[in-house]
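Structure at a glance
Here is how the chains run, residue by residue.
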Amino acid sequence: MRGSHKTLRLTAGIAAVTLFATACGGDDGSSGSEEQGDTMVVQIGDPQHLLPSNTNESEGAAVLQAVYSTLITYDPETNEPVNLIAESIESEDQTTWTITLKEGWTFHNGEPVNAESFVRSWNYAAYGPNAQLNAHFFDRIQGYEEVAPPDPDGEEGPQQAPEPTAETLSGLRVIDELTFEVTLSAPFASFPIMLGYTAFAPMAEECLADVEACERHPIGNGPFMFAEDSEWIPETQARLELVRFEDYGGEPAKLDRLIFQVYDDIVTAYEDFEAGLVDVVRNVDPSLIEQARQDYPDTFINVPIATMGYLAFPTYDPRYADPRLRHAISMAINRQEIIDAIWNGTYEPATSVASSLVAGHREDACGELCEYNPDEARRLLDEIGGFEGTMELWYNAGAGHDQWMEALGNQIREELGIEFELHGELQFAQFLDRREALEMTGPFRSGWIMDYPSLENFLRPLFGTGASTNDTGYSNPEVDALIDMGDQAATLEESIQYYQQAEDIILQDMPMIPLWNYAEALVYSPEFENVIYNPVEQNLDWAQITVA
Amino acid sequence: MSDSHNVTPEATEVENNSTSVEDSTTSPSLKADTAGQGDKPRRNASLWMDAFHDLRRRPTAIISTLYILLMVSMAAFPWLWTRTDPRDCDIGEARLHPSSEHIFGTSVTGCDYYAQAIYGARPSILVALFGTLGVVLIGGVFGVLAGYFGGWIDALLIRLSEIVAGLPFLLGGVAFLTLVGTHSVWAIASVLAVLIWPQVARIMRASVISAKNMDYVQAARSLGASNTRIILRHILPNAVAPTIVVATILLGSFVGAEATLTFLGVGLQPPTVSWGVMINQAQNFVLTGYAYLLIFPAGLLVGTVLSFILLGDAVRDALDPKLR
Amino acid sequence: MGRYILKRLLQFIPTVIGSIFLLHYLVVLGIQINGNPARAMFGERTPTPAQLQALAEVFNTSDPCLEQTGNPCLGLFWERVSNLVQGELGVNFQRIPITELISHALPVTLRLAFLAFVLQVVIGLSTGVIAGLRGEGVVDYLVKVSTVLFISVPVFVLGRLVQVYLGVEFGGVFRDSSWAPDWLTALFGVRYTPDHPWASLILPAVVLAALGLATTARLTRTSLMENLRADYVRTAIAKGLPRRRVIGVHALRNSLIPVITDLGYQIGVLMSGAVVTETIFNIPGIGGLVINGVRQQDASVIIPVVTFLVLVYLVINLLVDLLYAVLDPRIRYE
C-alpha cells in the first residue's frame, strides 16, 4: 500500500508539470499579435489545401486569392476577363495560344514570375501521380494523356491505369523569359477565360522543391504574403496572418494586414462578428441572414454567384423517361417560396441552366418551364397518365440539404398529389458513386460550381454524352454537335450562339430542373470601405479594401 | 473475499456496505448518480409496497410521473392532442410567430409547430425506450453470465465491456451511425444500446456476485436447482431494484442523447420530426428573435429528461431503507 | 500489490488490441459501405479512375479489400498495429504528421479538462455538502433540481445559450469599456483564443463541467447523508466530540471516498467528451480532431487518437481502483 501512495503522488506531479509547461508554450506562440496598422480579420472554414493546383473548395480559395495572382482577373462589374499578369493572350486558330507576361512581377521570396513559373506549376498540377485535385483543368492541353493516362478498361476493369509516359505536358513550351505557348488538343475559344482560376497560378521554384512546406507557408505572387511566423496547420483553428507584399506586381494592397481566422462553426463566427472580434463573415448562416440584413443594411452583401442548384432525374429509369413529367415537376415547384423560407430570399430562382454571371446567360432561356404553374403542371401529368408509386428524393447526408428537399417534396405532393420519400442517408462519396453508376431510383439533388465564366462550362460537363459529370444518363447528339461547334467557333460571340442553341434543346429535354442560382451572403464591419465583391472569383477583392 | 480471481471494487461491496461505489459511463450526458444501489440484497415483497407508499408521498415523484404520462400519451396517441397533420406544411407561411391559429407558430418550412412538437414526442421517446430496453437486455445478459459463471467468460466479457466503455460515447456514436447510414429510430436506439450496455452489465455482475454466495442460493444449489432456475428465481430479483433506477435515468439521458447526436449530424433526420430535430433546426435562431422555435421543443425535452431523472432518484430513495 | 498492478497492466493488452481492431473494422466497413473518401474530395466533378487511384494511394485507401464489403482487411490491420507498436503514427489525409496534430490538440484539451475538473470539484463538492448537511428541505431540493436541470439541457443548447448571453451580450460590456483588462474580455469572449489560453477556456469549461458537476453534487449529498446516519457518527457525538469536528473530519472524509473515485472516472470523460463544446467555442482539441477524422473516415487519425483515449480510460480506471484501496483500508488487493 505504501508503494502505491508514492507512485500516485509522483504521477500526479508529472501530470501537473506537463500541463503548465504546455500552457506556457501556448502563450508564447501568439505573443506579438498586437494591432499593427490597418488590419482586417476574415472568417473562413478550415481549408483542405493551400496549393493552387490542389485547392478545389471555397475556404482554401479565399486565402489563395489573397496570396496568389493569376494571368487574368475578372471585372467585378461586367464579369469580363481583364489581363493581370498577362500582357496578351493570343491565338489564330483557338488551338495554339501565345501568352506574354508583363515585366516586374515577383514571388514573395524574390523569385521572378516568368514563363517558366507558369509551365512549372501547370506541369506539376497535371502530372497524374501528384494526385492534384485540379488536374482536370489541364486536360485540354496537348499531352495530358501522357502525363495522366486514362485507365484502359475503366475503374471496374481488371487493368490498372498505365504509368505516365511523360512528366511534362507536351503542349507547354517556354519561348523566352516572358513568353510561353500553349497547344490544346482541340480548338477551344474560351481558353483565355479559364486562366483567372487559381489553379492556373504560377509556382515558385522554392515551392516545388518542398510542396508540403509551401502549403503551410505559401510562397505566392499575390498582394498579400504570409507573415514570417505564420503557418497553416489543419485542424488547429489556425489564425493565418498575412501582411502586404510591398513588391507586388499589380496595384499594391491598401491594408497592412489581412488575417484569416478559421472557425469550426459558422454561428460562432457570426457571434464573434457581433462582438466585434471578426470583421468579415463570408457565409452568413441562413438562420442569421434576416438579422444581418437588418443590423448591417449597408454592409450586407447579397449577390448571385456562379453556382447552380438542380434537381436531376435518372432519365435511364422508365418512370422518369418522359420529359413531360420533368416539366410537370418543374412547374409544380414554387422556387421563390422555398428561397424566401430557407435562404431568406438571397438566392435567385433559376431561369437558365447557367448562372446569370456568364456571358450568354438569358433571363428567359427556360421561360414557362421554370415558372410556377400548378395548373399546367397537373395538366401535363394527366396527359402522361399520372405517376405510379412513391417518388424518392435523394440527397447527400449532413450537408444541410434536408430542409429544402423536404419543402420541395411537400410542393410536389401538394400540387401533383405524388407521395414522396426523402432519402438523405448516403454519405457524399457513396451518393456520388451511385449517381455516377446511374443507379439512382428517384430524382436527386445536383449542383455545379462554375470553373470559368463560360456558358460552355454549364453545358458539356453536365449534359454532354458521357461527360464527366453527366449523371442523368442524358444523351442528345444534336446537343453534342452544337457544343462542339461552339468550341471551334472563331469568336466568343459566335460560340455563344451555338451554346445557346444547345441550351434550348437541353431545357426542352430537361434531364435536370434548374432550381436556383446560389448567392453570397456576406457581412462586413462598417469600419471598412471599398469592399468589392467579385462574383466570378466568389471572393472580396482583398487588395482594394481600406479602413474608413 | 471468496471471488478472488478477479478482485475489483464491485466485488468488495459485500463487506463494504456503508459506502458503495458506482461505475461511471463514458458519456457525460449519460452520467447519472446511482449511488446507494447494489447494496445488500433485499427482496421481500413488502419492500416494494413500502417503496410504493413512499413514492406516493414524494411530490417530485408524483409530478414527474404525471409529466411522463402526458408525454407518453403524446407519443402514443398524438391525435388526442392535435388534429393538424405535422406534414401538412405551407412554405409560404414559414416562421410565423405564435398566434391563435398556430399556437406554437410555424416552423422554418411552414409546418404547424404545435403539431410538430406533439408528433415529435414519439420518435424521441421511442429512441429512449428501445435504447434503454437494449441496454438492459444486453447488459443484463452479459452481467449475469459474467457474474454467475466467472472464469474465462467473466474475463472475456469484462474485456469486451472495457473496449466499449473506453470508446468515447459521442465519437463512437458518430462512427457507428455514419457507418449504418440509415438514421432511423431503430438505428439510433441500437447504437445507444451497443455503446452503453457496460453500465448495466457492471451493476448486474456485482449484484449476481454478491447474491450467488448467499446462504439461500447455496441452499438452492445443494437442493439440486438448475442454473437457470437459480438465476431466474434467486439472483435476478436482487438486481431488479438497481437496474430499474439506472433504466429510469437512462430513459431521460437517451432523450437528450438523441438531440445531441442530431446536433452532430447523425441523429434522426427530416422528414422525421423529433424534439432533437426541432431543437437543432432552431438552435441558430437563438440570436434572431425566433426564440420560440427553440423554447417549445427544448422545454418539452428538458421537462422529459428532468422528470425521468427525478423519478429515478425518487425510486432509488424509496428503495433504500437507510435513507428513509 | 505489485502483482496486482502487473496483472492489470497485462490485461490492458487484449483490451487495447480489441479496441484497435474495433476502430479499424469500423473505418474499413465505413469505406466499404459509404464509398472511398478520396472520391468525395473531387465533389460533383467525376475524376478519372487514374486520378481517383492516385489520391486513394495518398490516403492509403487504395487496398482492393476496401471494395469488398465485410472483408476485415486483416493485412491492413496488421500493418496499422505494427506501425503503432513501432511508434509510427503516420500522416493524415492532408499529409500532416499525426504526432504534430496531437501535440497541438492535447495541451488545449488538457487545459479545458483541468479547468472543468476544478470547477466540478469546487462547485460540485460545496453544493453537495451544503445539501447533505441540511438534509431534506428547501435547500436540498433547490440543489437537486438545479443540478438535474443542468444535465437535462442538451449540451449544445447550453453551450449556445452561454455563448450568446455571457459571451456576446454580457461580454460586450467589457469589450466596450476602457477599463476592462484583456483577460476579462477574453473570459467573456465568444470563443477560445490562443492569446488567452486559460481565460478564454473558462466559459467552455463551465459548460463542460455542468454535466459532471451535478453528478458530483448529488453523489456527495447522498454519501454524506448516509454517513451522517452511520453508527460511528452517532457514537462519536455520544462520546462528546464536537459535532463540527465529527462532521468535518470523520463523516466528510468517509463520504468523499465514492466521490473521489467517481471524479477519477470523470477525468477521462472530460478529455474525450468535449466534442460539442469544442465545436461551439471553436476550440482546437482532441474531440474535434477525432470527430473530423470520423467524418472523413481517416483511419490514420482515428486509430491512434482513440487508442490513446482508451489507454487514458484504462489507466485512470486502474488508478481509481488503487486510490479506492488507499482511501478505504478495508480493501486490499492481493
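Residues numbered from 1 in each chain as written. Chains lettered and ligands numbered in written order. Predicted model: local features only at pLDDT ≥ 70, side-chain atom pairs only at ≥ 80, totals over all residues.

**Here we look at the overall build of chain B**
How we decide: A run of H or I in DSSP becomes a helix once it reaches four residues, and a run of E becomes a strand once it reaches two; helices and strands are each numbered from the N terminus. Any residue surrounded by 20 or more other C-beta atoms within 10 Å of its C-beta is treated as buried, while 12 or fewer makes it exposed and the intermediate range makes it partly exposed; C-beta atoms here are placed from the backbone. Contact between residues is assigned whenever the C-beta positions, reconstructed from backbone atoms, fall within 7 Å.
A tally of helices and strands in chain B yields 10 helices and 0 strands. Overall, chain B shows an N-to-C arrangement of helices and strands of α-α-α-α-α-α-α-α-α-α. Within the span of chain B, comprising 324 residues, buried residues form 60% of the whole. For chain B, the proportion of contacts with a sequence separation of at least 24, taken over those separated by at least 6, is 71%.

**Some remarks on the overall build of chain C**
Per the secondary structure count, chain C includes 14 helices and 0 strands. Across chain C, helices and strands are ordered from the amino to the carboxyl terminus as α-α-α-α-α-α-α-α-α-α-α-α-α-α. Oriented by its inertia axes, the alpha-carbon framework of chain C measures out at about 85 × 65 × 30 Å. A burial count over chain C gives 54% of its 334 residues as buried. Nonlocal contacts in chain C, meaning residues at least 24 apart in sequence, comprise 69% of its contacts between residues at least 6 apart.

**Let's talk about the environment of Q281(B)**
Within the secondary structure, Q281(B) sits in helix α9 (residues 275-282). Q281(B) sits 18 residues away from F263(B) along the chain, and the two C-alpha atoms are 9.0 Å apart.

**Remarks on helix α10 (residues 323-332) of chain A**
Residues and elements named next belong to chain A. Counting buried residues in α10 gives 8 out of 10 residues, a clear majority hidden from the surface. What α10 keeps buried is the set L325, R326, H327, A328, I329, S330, M331 and A332. The secondary structure elements touched by the buried residues of α10 are α12 (374-383), α13 (402-416) and β17 (512-524).

**With respect to the interface of chain B and chain A**
Convention followed: Here the nonpolar group is Ala, Val, Leu, Ile, Met, Phe, Trp, Tyr, Cys and Pro; Asp, Glu, Lys and Arg are the charged ones; every other residue, Gly included, is treated as polar.
The interface is formed by 19 residues belonging to chain B together with 20 residues belonging to chain A. Counted by class, the side of chain B that touches chain A contains 8 nonpolar, 11 polar and no charged residues.

**Description of the environment of M391(A)**
Summarising the element assignment, M391(A) is placed in strand β14 (residues 391-396). Residues within four places of M391(A) in sequence aside, it is in contact with I412(A), I418(A), F420(A), G442(A) and P443(A).

**Observations concerning the packing of helix α3 (residues 113-149) of chain B against helix α8 (residues 227-263) of chain B**
All names here are of chain B. The condition that has to hold: Under this scheme, a helix contributes an axis fitted over its contacting stretch, all axes are lines through C-alpha atoms, and angles between N-to-C directions fall in the 0 to 180 degree range. Crossings are assigned a handedness: left-handed for a near helix turned anticlockwise from the far helix by less than a right angle, right-handed for a clockwise turn.
Relative to each other, α3 and α8 sit at 145°, their axes nearing to 8 Å. The two elements α3 and α8 meet at a crossing, and its hand is right-handed. For the pair α3 and α8, contact is made by S124, I125, V127, A128, L129, G131, T132, V135, V136, G140, V144 and Y148 and by I231, I235, T243, A247, L250, L251, F254, V255 and E258, respectively. Partitioned by chemical class, the residues of the contact of α3 with α8 number 15 nonpolar, 5 polar and 1 charged.

**Overview of the domain arrangement of chain C**
Condition: Domain segmentation is taken from an automatic or database assignment of domains.
Taken domain by domain, chain C holds domain 1 (2-85) and domain 2 (105-297). Look at where the C-alpha atoms of domain 1 of chain C and domain 2 of chain C centre, and you get two points 37 Å apart.

**Considerations on the sheet that holds strand β4 (residues 86-91) of chain A**
Residues and elements named next belong to chain A. Going by this rule: Pairing between two strands requires that DSSP report at least two bridges joining them.
Sheet architecture is open: 4 strands sit in the order β4-β5-β7-β6, paired in antiparallel fashion. Only two strands of the sheet have a single neighbouring strand rather than two, namely β4 and β6 (172-176). Ignoring strand direction, the axes of neighbouring strands in this sheet form an average angle of 20°. Along the sheet, helix α3 (residues 115-126) makes contact with β5 (96-101), β6 and β7 (179-183), crossing β6 at roughly 170°.

**Quick notes on the packing of helix α11 (residues 243-272) of chain C against helix α14 (residues 299-327) of chain C**
In a pair of packed helices, the angle between the axes and the distance between the axes together describe the arrangement. Residues and elements named next belong to chain C. The condition that has to hold: Roughly parallel covers angles under 35 degrees, roughly antiparallel covers those over 145, roughly perpendicular covers 65 to 115, and oblique covers all other angles.
Where α11 contacts α14, the axes come no closer than 9 Å and their chain directions differ by 170°. One finds that α11 runs roughly antiparallel with respect to α14. The residues of α14 that touch α11, namely those facing I257, I260, T261, G264, Y265, I267, G268, M271 and S272, are L309, V312, Y313, I316, L319, V320, L323, Y324 and L327. Residues that form the contact of α11 with α14 fall into these classes: 14 nonpolar, 4 polar and no charged.

**Some thoughts on the interface of chain C and chain A**
Between chain C and chain A, the residue contacts involve 56 residues of the former and 58 residues of the latter. Broken down by element, the side of chain C that touches chain A gets its largest block of residues, 8 residues, from helix α3 (residues 49-59) of chain C. Of the residues assigned to the side of chain C that touches chain A, the class counts are 29 nonpolar, 18 polar and 9 charged.

**Some words on the pairing of β5(A)**
Residues and elements named next belong to chain A. Of the two faces of β5, only one is covered, namely that formed by W97, I99 and L101; the face formed by T96, T98 and T100 stays uncovered. Note: β4 against β5, 5 bridges, orientation antiparallel. By the bridge assignment for β5, A86 is matched with L101. The hairpin turn running from β4 into β5, its antiparallel successor, is 4 residues long, and Q94 in that turn takes a positive phi close to 60°. Of the pairings in the sheet, the one linking β5 to β7 comprises 5 bridges and is antiparallel in character. Looking at the pairing, T98 lines up with E181 of β7.

**Concerning the environment of E414(A)**
When you line up the elements, E414(A) lands in helix α13. Residues E414(A) and P374(A), 40 residues apart in the sequence, show an inter-C-alpha distance of 9.6 Å.

**Focus on the confidence of the model for chain C**
Detail in the predicted coordinates should be disregarded across regions flagged by low pLDDT. To keep things clear, this is the line we draw: pLDDT expresses, on a scale from 0 to 100, how confident the predictor is about each individual residue.
This prediction gives chain C a mean pLDDT of 86; 99% of its residues lie at or above 70. We note a pTM of 0.86 for the whole complex and an ipTM of 0.88 for its interfaces.

**Some points on the confidence of the model for chain B**
All names here are of chain B. Scored by pLDDT, chain B has a mean of 79; 84% of the residues are at 70 or more. In the model of chain B, helix α1 (residues 45-56) stands out as the element of lowest mean pLDDT, 74, in contrast to α3, which has the highest, 93. Taken as a whole, residues 1-43 scores under 50 in pLDDT and shows 114 contacts with residues more than four places along the chain or in a different chain.

**Here's the deal with unusual backbone geometry**
All names here are of chain A. For N79, which is not glycine, the phi torsion reads 65° and is therefore positive. Tracing the chain through its elements places N79 in the loop between β2 (72-74) and β3 (81-83). Residue classification places N79 among the buried positions, given that 20 C-beta atoms sit within 10 Å. In the Ramachandran plot, Q538 falls in the positive-phi region, its phi being about 55° despite a non-glycine side chain. Position of Q538 among the secondary structure elements: in the loop between β19 (533-534) and β20 (539-540). On the basis of neighbour count, Q538 is assigned to the buried category, with 21 C-beta atoms found within 10 Å.

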